[in-house]
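Observations on the model geometry
What follows is the residue order along each chain.
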Amino acid sequence: MPECPCGSNLDLATCCGRYHAGTPAPTAEALMRSRYAAYALANLDYIAATCAGPAAAGFNRTELELSQLGTQWMGLEIVGTKKGRETDTEGTVRFTARYRHNGAEAALSETSEFRRIETRWFYWDRDSVPEGSAARAGHIGRNDPCPCGSGKKFKKCCGAGG
């Protein structure tokens, strides 16, 4: 059985694969890891199914499919979590995901917000990193505003060629 892309060192079936098959992720971090694995495996149905609130409202499958072309996900680092346990109703997970897009290596750093609705965790939204902050200087996420000031997302502007 293949190893799970989330970095757990477990095989896919006993790690994120069970969540992809329909078992609810027990924590916000487990959902974050399973969503990363879904990106790595191009399981876009799972990405769509695990969005709610602002994330669901902003979900664009066509845009996601295009962003996946030429992208190879290379690793996930969980930087920290706040709440998001089995008994919580909300939580955040701060992470960095490394990837290669059309041969150029990059990283996406984000603090994701999750909500538990009834028995399931959902990706709800993300905390934006303020312009010019030290955190932003190291990594520009594909969905972050382009630093050139165009008002477009980085992936649709200066990051489009990379």
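Here is what the cut-offs are and how they apply
- Residues numbered from 1 in each chain as written.
- Predicted model: local features only at pLDDT ≥ 70, side-chain atom pairs only at ≥ 80, totals over all residues.
- Heavy atoms only, no water.
- Helix = DSSP H or I, 4+ residues; strand = E, 2+ residues; numbered from the N terminus.
- Buried < 20%, exposed > 50% of the residue type's maximum accessible area, 1.4 Å probe, protein only.
- Contact = heavy atoms within 4.5 Å.
- Core = buried A, V, L, I, M, F, W, Y, C linked by side-chain atoms within 4.5 Å.
- Arc of directions from axis to C-beta.
- Polar contact = N/O pair within 3.5 Å; in protein donor to acceptor, adjacent residues only side chain to side chain.
- Pairing = 2+ DSSP bridges.
- Axes fitted to C-alpha atoms, helices over the stretch in contact; angles between N-to-C directions.
- Phe/Tyr/Trp six-rings, centres within 6.5 Å; stacked < 30°, edge-to-face > 60°.
- pLDDT = per-residue confidence, 0-100.

Another point: the side chain of Gln68. Following the sequence through the fold, Gln68 ends up in helix α5 (residues 61-68). On the accessibility criterion, Gln68 (13% relative accessible area) is buried. With sequence-adjacent residues up to four places away left out, Gln68 is seen in contact with Tyr39, Ala42, Leu44 and Trp73.

The next point concerns the nonpolar core. The biggest cluster of nonpolar side chains holds 25 residues, and the ones touching the most others in it are Met32 and Phe114. Examining the composition of this core, we find that 7 residues originate from one element, helix α2 (residues 28-40), more than from any other. Setting aside chain neighbours within four positions, we find Phe114 in contact with Ala28, Leu31, Met32, Arg35, Thr89, Glu90, Gly91, Val93, Trp121, Phe122, Tyr123 and Trp124. Core analysis: the next-biggest nonpolar cluster, separate from the first, contains 6 residues, Cys6, Leu12, Cys16 and Ala37 among them.

When α5 is considered as a whole, its buried residues turn out to be Leu64, Ser67 and Gln68. Axial view of α5: buried residues confined to an arc of 100 degrees, hence all on one face. Of the exposed residues in α5, the ones pointing more than 90 degrees away from its buried face are Thr62 and Leu66. Those residues of α5 that are buried lie in contact with α2, α3 (44-49), β1 (71-83) and β2 (90-101). The backbone nitrogen of Thr62 lies 3.1 Å from a side-chain oxygen of the residue at the head of α5, namely Asn60.

Bringing the sheet that holds strand β4 (residues 120-127) into the picture now. The strand order across the open sheet built from 4 strands is β1-β2-β3-β4, with neighbouring strands paired in antiparallel fashion. If you trace the sheet from one side to the other, it starts and ends with β1 and β4, each paired once. Sheet twist, expressed as the average angle between the axes of neighbouring strands with direction ignored, equals 30 degrees. For β2 and strand β3 (residues 104-117), the ladder comprises 12 bridges, and the chain directions are antiparallel.

Attention now goes to the packing of aromatic side chains. Each pair of aromatic rings is reported with the distance of its centres and the angle of its planes. Taken as a whole and judged by the stated rule, the model has 4 aromatic pairs. On the basis of an interplanar angle of 80 degrees and a centroid distance of 5.9 Å, the ring pair of Tyr36 and Trp73 is categorised as edge-to-face. Here Tyr36, found in helix α2, pairs with Trp73, found in strand β1; they are 37 residues apart in sequence, far enough to count as distant. The buried category is assigned to Trp73, whose relative accessible area is 14%. Between Tyr39 and Trp73, the ring centres sit 5.7 Å apart and the planes meet at 55 degrees, which makes this aromatic pair tilted. Placement of the pair is Tyr39 in helix α2 and Trp73 in strand β1, with a sequence separation of 34 residues.

Inspection of the secondary structure puts Ser34 in helix α2. Remark: the alpha-carbon pair of Ser34 and His20, spanning 14 residues in sequence, is separated by 7.3 Å. Aside from chain neighbours lying at most four places away, what touches Ser34 is Cys16, Tyr19, His20 and Tyr46. Within the structure, the side chain of Ser34 is placed 2.8 Å from the backbone oxygen of Leu31, a separation counted as a polar contact.

So, about the confidence of the model for the chain. Per-residue pLDDT for the chain has a mean of 86; in total, 80% of the residues score no lower than 70. Looking over the chain, one finds the lowest element-wise mean pLDDT in helix α6 (residues 134-138), namely 39, and the highest in helix α1 (residues 16-20), namely 98. A low-confidence stretch, residues 129-138 (pLDDT under 50), is modelled with 8 contacts involving residues beyond four sequence positions or located in other chains.

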